[in-house]
Amino acid sequence: MALEHAILVSLSERPGSGYELTRRFDKSIGFFWRATHQQIYRVLKRMDDAGWVHVEHVPQDGKPDKKVYTVSAEGAAEISRWLAEPAQPTELRDELAIKLRAAHGDPDAVAAEVARHRAQHAERLALYEAMERRDFPDRDALTGPALHQFLVLRGGIGAERGFVAWCDEVLTALRRDAERGETR
């Protein structure tokens with residue numbers, strides 16, 4: 001997926017300026033697809049050049065005009081084309097897994113790194129669960145874009161729960177292995 005598609009999806013949910021898109025990435029889409037402020041502005045320019053977005057210049061007092069982006073017909077067609085394109089399943093590429101394979105070199109250092117990762121995943125899980133309670137109190141009534149946002153959030157919750165559980169399993173196994181080593 002290209003950043004263009006993430007931006008088109010966000011703009012199809014709600015028009016906005018580059019600054020507003022950056023804030024959305026910080027609060028929601030960015031949990032699943034990261035982009036810097038500079039990347040977003042560069043891509044918006046390319047999308048404007050390609051005709052995928054319309055730009056409305058909104059005058060502001062004492063500041064440059066605000067550019068508000070909306071998805072054009074060409075952008076909507078690109079979303080449709082992209083949705084029909086098969087996506088590749090997510091492939092786990094995780095440096096921690098490679099470090100774990102080398103744990104025999106320094107099991108204590110690897111256990112500390114696993115514990116650090118566990119804490120970060122637990123923190124993100126708590127954030128996602130708080131977002132779910134705050135933004136989706138009546139999940140059975142959800143339809144359309146709100147349902148789709150909820151389902152993505154549920155995917156994130158499942159992934160974070162899985163990472164926390166895996167880190168717990170790894171830490172338990174490393175402790176058990178260390179105890180066995182002491183009794184050998």
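Because the structure is predicted, anything quoted here is derived from the model rather than measured.

Glancing now at the overall build of the protein. The helix and strand tally for the protein stands at seven helices and two strands. Listing every helix and strand of the protein by position from the N terminus yields α-α-α-β-β-α-α-α-α. Its C-alpha radius of gyration of 22 Å places the protein more than 25% over the 16 Å reference for a compact globule of 184 residues. If you line up the protein on its principal axes, its C-alpha atoms span 75 × 40 × 40 Å. Counting only residues that meet the buried cut, the protein has 29% of its 184 residues in that class. Expressed as a percentage of contacts within the protein between residues at least 6 apart in sequence, the contacts between residues at least 24 apart total 54%. Accessible area for the protein stands at about 12,400 Å²; split by element, carbon and sulfur atoms hold 53% of it. Within the protein, one finds 27 positive and 30 negative side-chain charges whose respective centroids are separated by 2 Å.

Among all positions in helix 2 (residues 18-27), only Gly18, Leu21, Thr22, Arg24 and Phe25 are buried. Projected onto a plane normal to the axis of helix 2, the buried residues spread over an arc of 160 degrees and lie on a single side. Across helix 2 from its buried face, at more than 90 degrees, point the exposed residues Asp26 and Lys27. In the core, the buried residues of helix 2 are packed alongside helix 1 (3-13), helix 3 (37-50) and strand 2 (63-71).

This paragraph deals with helix 4 (residues 73-84). Helix length check: helix 4, at twelve residues, gives a terminal C-alpha distance of 17 Å against a target of 16 Å (1.5 Å per residue), a fit within 8%. Those residues of helix 4 lying buried are Gly75, Glu78, Ile79 and Trp82. Along helix 4, the residues classed as buried sweep out an arc of 100 degrees about the axis, all on the same side. In this structure, helix 4 carries Ala73 and Ala84 as exposed residues pointing more than 90 degrees from its buried face.

Taken domain by domain, the protein holds domain 1 (1-84) and domain 2 (95-182). If you look at the interface, domain 1 gives five residues, while domain 2 gives eight residues. Here domain 1 and domain 2 share an interface that buries about 480 Å² over both sides, 70% of which is from carbon and sulfur atoms. One can count zero salt bridges joining domain 1 with domain 2. Residues that form the side of domain 1 that touches domain 2 fall into these classes: two nonpolar, no polar and three charged.

With that settled, the discussion passes to the environment of Ala178. Its location among the elements puts Ala178 in helix 7 (residues 144-183). Taking the C-alpha atoms as reference points, Ala178 and Val152, separated by 26 residues in sequence, lie 39 Å from one another.

If the charged atoms of two oppositely charged side chains come close together, the side chains can form a pair. Under the criterion given, the structure shown has twelve salt bridges. Between Arg46 and Glu4 there is a salt bridge whose closest N-O contact spans 2.9 Å. Of this pair, Arg46 sits in helix 3 while Glu4 sits in helix 1, placing them 42 residues apart in sequence. The exposure class of Glu4 is buried, given its relative accessible area of 15%. Where Asp49 meets Lys45, a salt bridge forms, and the shortest distance between an N and an O atom there is 2.9 Å. Here the residue Asp49 and the residue Lys45 both occupy positions in helix 3, the gap between them amounting to four residues, near one helical turn. Relative accessible area serves as the criterion here: at 54%, Asp49 is assigned to the exposed category. Because the salt bridges share partners, they merge into one network encompassing Glu78, Arg81 and Glu85.

So, how was this worked out
- Residues numbered from 1 in each chain as written.
- Predicted model: local features only at pLDDT ≥ 70, side-chain atom pairs only at ≥ 80, totals over all residues.
- Heavy atoms only, no water.
- Helix = DSSP H or I, 4+ residues; strand = E, 2+ residues; numbered from the N terminus.
- Rg over C-alpha atoms; globule rule 2.2 N^0.38 Å.
- Buried < 20%, exposed > 50% of the residue type's maximum accessible area, 1.4 Å probe, protein only.
- Contact = heavy atoms within 4.5 Å.
- Areas by Shrake-Rupley, 256 points an atom, 1.4 Å probe, with all protein chains shown as cover.
- Lys, Arg positive; Asp, Glu negative; His and termini not counted.
- Charge placed at Lys NZ, Arg CZ, Asp CG, Glu CD.
- Arc of directions from axis to C-beta.
- Expected span 1.5 Å × (residues − 1).
- Domains from an automatic or database assignment.
- Buried area = accessible area lost by both parts, 1.4 Å probe.
- Salt bridge = Lys/Arg side-chain N within 4 Å of Asp/Glu carboxyl O.
- Nonpolar A, V, L, I, M, F, W, Y, C, P; charged D, E, K, R; others polar.

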